[in-house]
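This is what each chain is made of:
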Amino acid sequence: MGSTEEQPNKPIPLYDTSSSPSQPLLSKPPPFPSSPPRHPFPPLEDPQTPPLATPPDAEQDSDPTQYLQITYNHSPRSFKDLPFLFLFLLFVLCTFVLGIFSIFHRNTSYSNLSSFTYDSNSTSCTESTLSNSTNLSFSFSVLTGFSSTFSNSLIWVFVITFILTVPICFLLLFSLKRYTKQLVYVSLPFFVVMPVFFNVYWFVACTVSSTCSDDFPLVYRILVLIFVFCIIAVVIWIFVVNWHRIELTVEIIKIASDALYWNLGLFVVLPSLTIGLVVYYAPIVVFLVFSRQNGEIVVEESSGVYSCVWKQDGWVPAYYALAILTMLWSAAVMVEAQVFVISGTVAQWYFSKDEPPRRSIRSSLRNAFGPSSGTICLSGLLICAVRVVRAAVDSARHDAPGMVNLVLRCCVNALLSAVDFLNKFTINFVAITGEAYCTSARMTYELLKRNLLSAVFVETISTRLLGGIIFVLSAIYAIVVCAILKGVSDLGVDSYFVAALAWVLLIVLLGFFVHVLDNVIDTVYVCYAIDRDRGEVCKQEVHEVYVQLPISRNHRPSLASATLSV
């Protein structure tokens, strides 16, 4: 009591947080010592529910104080969700073992299938003496046909675009960190100006061109022109409706850019992981190519005519399914691993008091491919299943039309979206605490439910603004590329096509930058929720911005009220 009176401004902890390192990170607080009742008579209880009917575990689970120790776990972590790691490794091992078997077990006659003919004397397929020189010459002519001015210009534009993407990303990050408000408000008019310019430009160009005007009548051109203007009007209406959220979104983007600026090593690690995935895919693609050559040439009779056809071995389709599933799962695992590394690195930056921690990216990589590898495999499996089910539902849209199918698709898509969203925040929480997947999913939901709007709230305007900014930058880049090609080459109309491809490529590359920034925003969102749950302020500038987000009506009471209720 003496220490409390000497420091009245210090928040009263609900339990001792200075536990030993051996104590689990998310362990529940020890029970409070029993004290004699202050009243001579016990409080009135409902006779239907006696006090002993409530199990102690349920009371502890409903106790909001059990989450007060959540913070970044710097101590050595234990392995979680190992069965899913072993399952993933089994898929990969089977894919590679069967792929190597397919290479040594292939039938070399597959490439000469066209030279086999049916021999009526032996009632089998025999190879003729004719060579495949015509096919080889045709393939060579097809390959050399691409060696033109168009292909050379396209290759050079792609190479230059890849090289220029690096300084463009760093310049964009620096601008978002220092001049976020100016960049956003300067880009907003171009969200409307650029579509209007392209819409008017194609209409005038098609009207002037005799070929286009003959193939595309004036009535249809006017209809398309009006339709595009209607879409532009909808975009303007969206910005007008959400104008009051622009200022808050600008501050959120600025904080995320600052966090990413202090962890520039992510721009080296994340592309390296993507390149590693491509290298990992290369042998699987080779295995798929050689697995087609496992079979034999057999005689097939159709309407009394005998011909020689290729018959694959029975295990080849199953191997195709296994390899494709392994590739899809591996891609989802790599995406989740990248999110894990981003979340772990940004969380260490957030919870550091004075200066950014050293080797934060290295520790995040070690946790991602070490103790939390099974959790990442489980998360990737869920994401892969969601993508496969969603693709199956979308493909069945035309097969079974009707109201029942429409309602079923809406319900399935809503469920898949909820799973996808919850999984995203779960990976953020796993990167921070190192807990298992199911535990992290439950605690993430409870954490956001108690402290923020809900478990399904995210500031989506930031993603749209960033998408609009990269659209404008890519469009300006495409215009510059088209002007340069018009001046230095004789491509003619093909210069528009090359510029359009450069525009798409730059959007894809800058889209990766936006993806990283979105994950940073989500991580800061979860870290702010942890701060709010603990009653601490690790980053004052973050609290000044995120406190403006809407709060749930059923938000968690303050520490003082919680203490009194105990």
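Residues numbered from 1 in each chain as written. Predicted model: local features only at pLDDT ≥ 70, side-chain atom pairs only at ≥ 80, totals over all residues. Heavy atoms only, no water.

Quick word on the overall build of the protein
Moving on, step 1. In terms of helices and strands, the protein carries 19 helices and four strands.
Moving on, step 2. Counting contacts in the protein only where the partners sit at least 6 residues apart, residues at least 24 apart contribute 78% of the total.
Moving on, step 3. When the accessible surface of the protein is split by element, carbon and sulfur atoms take 68% of a total near 32400 Å². (Helix = DSSP H or I, 4+ residues; strand = E, 2+ residues; numbered from the N terminus. Contact = heavy atoms within 4.5 Å. Areas by Shrake-Rupley, 256 points an atom, 1.4 Å probe, with all protein chains shown as cover.)

Side note on unusual backbone geometry
Moving on, step 1. In the Ramachandran plot, Asp81 falls in the positive-phi region, its phi being about 50° despite a non-glycine side chain.
Moving on, step 2. Its location among the elements puts Asp81 in the loop between α2 (56–62) and α3 (82–104).
Moving on, step 3. Classification of Asp81 as buried rests on a relative accessible area of 18%.
Moving on, step 4. Despite not being glycine, Arg359 shows a phi value in the positive range, around 55°.
Moving on, step 5. Relative to the elements of secondary structure, Arg359 occurs in the loop between α11 (315–351) and α12 (360–368).
Moving on, step 6. For Arg359, a relative accessible area of 63% translates into the label exposed. (Buried < 20%, exposed > 50% of the residue type's maximum accessible area, 1.4 Å probe, protein only.)

Side note on the UniProt feature "transmembrane region" (unreviewed entry) in the protein
Moving on, step 1. In the numbering adopted here, UniProt assigns the feature "transmembrane region" (unreviewed entry) to residues 84–104, 154–176, 183–204, 219–240, 260–282, 319–347, 465–485 and 497–517.
Moving on, step 2. As annotated, residues 260–282 comprises 83% helix and 0% strand, and the C-alpha atoms at either end are separated by 31 Å. (UniProt positions renumbered as here; feature names shortened; annotations may be inferred.)

Some words on the environment of Ile255
Moving on, step 1. Inspection of the secondary structure assignment puts Ile255 in helix α9 (residues 246–261).
Moving on, step 2. C-alpha of Ile255 to C-alpha of Ile521: the two residues are 266 residues apart in sequence and 8.1 Å apart in space.
Moving on, step 3. The contact partners of Ile255, leaving out residues within four places of it in the chain, are Val524, Glu541, Val542, Val545 and Tyr546.

Some remarks on the packing of α11 against α12
Moving on, step 1. Contact pair α11 / α12: the axes reach a minimum separation of 8 Å and the direction vectors enclose 135°. By the angle between their axes, α11 is oblique relative to α12. Considering only the axes of α11 and α12, their crossing is right-handed. Between α11 and α12, the contacting residues are Phe340, Val341, Gly344, Thr345 and Gln348 on the first element and Ser360, Ile361, Ser363, Ser364, Leu365, Asn367 and Ala368 on the second.
Moving on, step 2. When the residues that make up the contact of α11 with α12 are grouped by side-chain class, the tally is five nonpolar, seven polar and no charged. (Axes fitted to C-alpha atoms, helices over the stretch in contact; angles between N-to-C directions. Parallel < 35°, antiparallel > 145°, perpendicular 65-115°, else oblique. Left-handed = near helix turned anticlockwise from the far one by under 90°. Nonpolar A, V, L, I, M, F, W, Y, C, P; charged D, E, K, R; others polar.)

Concerning the confidence of the model for the protein
Moving on, step 1. In the predicted model, the protein carries a mean pLDDT of 76, and 76% of its residues have values of at least 70.
Moving on, step 2. Here helix α19 (residues 559–565) is the element of the protein with the lowest mean pLDDT, 34, and α3 is the one with the highest, 94.
Moving on, step 3. Low pLDDT, under 50, characterises residues 1–68; the stretch is placed with 47 contacts to residues that sit more than four places away or in other chains.
Moving on, step 4. Within the model, pLDDT remains below 50 along residues 552–566, and this stretch shows 18 contacts once partners closer than five positions in the same chain are excluded. (pLDDT = per-residue confidence, 0-100.)

Re the environment of Arg77
Moving on, step 1. Position of Arg77 relative to the elements: it lies in the loop between α2 and α3.
Moving on, step 2. Exposure remark for Arg77: the relative accessible area of 10% places this residue in the buried category.
Moving on, step 3. Distance from Arg77 to Asn367, taken between C-alpha atoms, is 7.8 Å for residues 290 residues apart in sequence.
Moving on, step 4. Not counting residues up to four positions away in its chain, the partners in contact with Arg77 are Tyr72, Phe340, Asn367, Pro371, Ser372, Val430, Ala431, Ile432, Thr433 and Gly434.
Moving on, step 5. Reaching out from Arg77, the side chain makes a polar contact with the backbone oxygen of Asn73 at a distance of 3.2 Å. (Polar contact = N/O pair within 3.5 Å; in protein donor to acceptor, adjacent residues only side chain to side chain.)

So, the environment of Val316
Moving on, step 1. Relative to the helices and strands, Val316 resides in helix α11.
Moving on, step 2. You can call Val316 buried: its relative accessible area is 0%.
Moving on, step 3. Taking the C-alpha atoms as reference points, Val316 and Leu288, separated by 28 residues in sequence, lie 9.0 Å from one another.

Let's talk about a nonpolar patch on the surface
Moving on, step 1. Together, Val166, Phe170, Phe174, Tyr179, Tyr261, Trp262 and Leu264 make up a nonpolar patch on the protein surface, roughly 650 Å² of accessible area in all.
Moving on, step 2. Looking at the nonpolar patch, the element that brings in the most residues is helix α5 (residues 149–178), giving three residues.
Moving on, step 3. Relative to the helices and strands, Tyr179 resides in the loop between α5 and α6 (180–208).
Moving on, step 4. The exposure class of Tyr179 is partly exposed, given its relative accessible area of 45%. (Patch = residues over 30% accessible without salt bridge, like charges linked within 9 Å, V, L, I, M, F, W, Y side chains within 5 Å. Salt bridge = Lys/Arg side-chain N within 4 Å of Asp/Glu carboxyl O.)

Describing the packing of α3 against helix α10 (residues 266–291)
Moving on, step 1. Contact pair α3 / α10: the axes reach a minimum separation of 9 Å and the direction vectors enclose 45°. As judged from the angle between their axes, α3 and α10 are oblique. Where α3 crosses over α10, the handedness of that crossing is left-handed. Here Val92, Thr95, Phe96, Gly99, Ile100, Ser102 and Ile103 of α3 lie close against α10, whose contacting residues are Tyr280, Pro283, Ile284, Phe287, Phe290 and Ser291.
Moving on, step 2. When the residues that make up the contact of α3 with α10 are grouped by side-chain class, the tally is nine nonpolar, four polar and no charged.

Focus on the nonpolar core
As a rule of thumb, nonpolar side chains are buried together in soluble globular proteins.
Moving on, step 1. Counting residues in each nonpolar core, the largest one holds 96 residues, and the members touching the most others are Leu260, Phe351, Phe513 and Tyr546.
Moving on, step 2. In terms of residue count, helix α17 (residues 494–534) provides more of this core than any other element does, 18 residues in total.
Moving on, step 3. Here Phe513 is in contact with Cys169, Leu172, Leu173, Leu176, Leu260 and Phe267, once residues within four sequence places are set aside.
Moving on, step 4. Judged by nonpolar contacts, the second largest core, of five residues, contains Phe116, Cys125, Cys308 and Trp310. (Core = buried A, V, L, I, M, F, W, Y, C linked by side-chain atoms within 4.5 Å.)

Thoughts on the pattern of salt bridges
Moving on, step 1. Using the criterion set out here, one finds three salt bridges in the structure.
Moving on, step 2. The residue Lys177 makes a salt bridge to Asp258 at a minimum N-O spacing of 3.6 Å. Of the two residues, Lys177 sits in helix α5 while Asp258 sits in helix α9, which places them 81 residues apart along the sequence.
Moving on, step 3. Its relative accessible area of 21% is what places Asp258 among the partly exposed residues.

Quick look at a positive patch on the surface
Moving on, step 1. A contiguous patch of positive charge on the surface is contributed by Arg358, Arg359, Arg362 and Arg366.
Moving on, step 2. Here Arg358 is to be found in the loop between α11 and α12. (Lys, Arg positive; Asp, Glu negative; His and termini not counted. Charge placed at Lys NZ, Arg CZ, Asp CG, Glu CD.)

Considering the side chain of Thr375
Moving on, step 1. Structurally, the position occupied by Thr375 is in helix α13 (residues 373–395).
Moving on, step 2. Residue Thr375 is classed as buried on the basis of its relative accessible area, which comes to 0%.
Moving on, step 3. Of the polar contacts made by the side chain of Thr375, one reaches the side chain of Asp81; its length is 2.8 Å.
Moving on, step 4. Filtering out sequence-adjacent residues up to four positions away, Thr375 remains in contact with Lys80, Asp81, Val430, Glu435, Ala436 and Tyr437.

Description of the packing of aromatic side chains
Moving on, step 1. Tallied over the entire structure, the rule returns 20 aromatic pairs.
Moving on, step 2. Measuring from ring centre to ring centre gives 5.6 Å for Phe96 and Phe287, while their planes differ by 85°; the resulting arrangement is edge-to-face. Taken together, the residues span a long stretch of sequence, with Phe96 in helix α3 and Phe287 in helix α10 at a distance of 191 residues.
Moving on, step 3. The exposure class assigned to Phe96 is partly exposed, which follows from its relative accessible area of 22%. (Phe/Tyr/Trp six-rings, centres within 6.5 Å; stacked < 30°, edge-to-face > 60°.)

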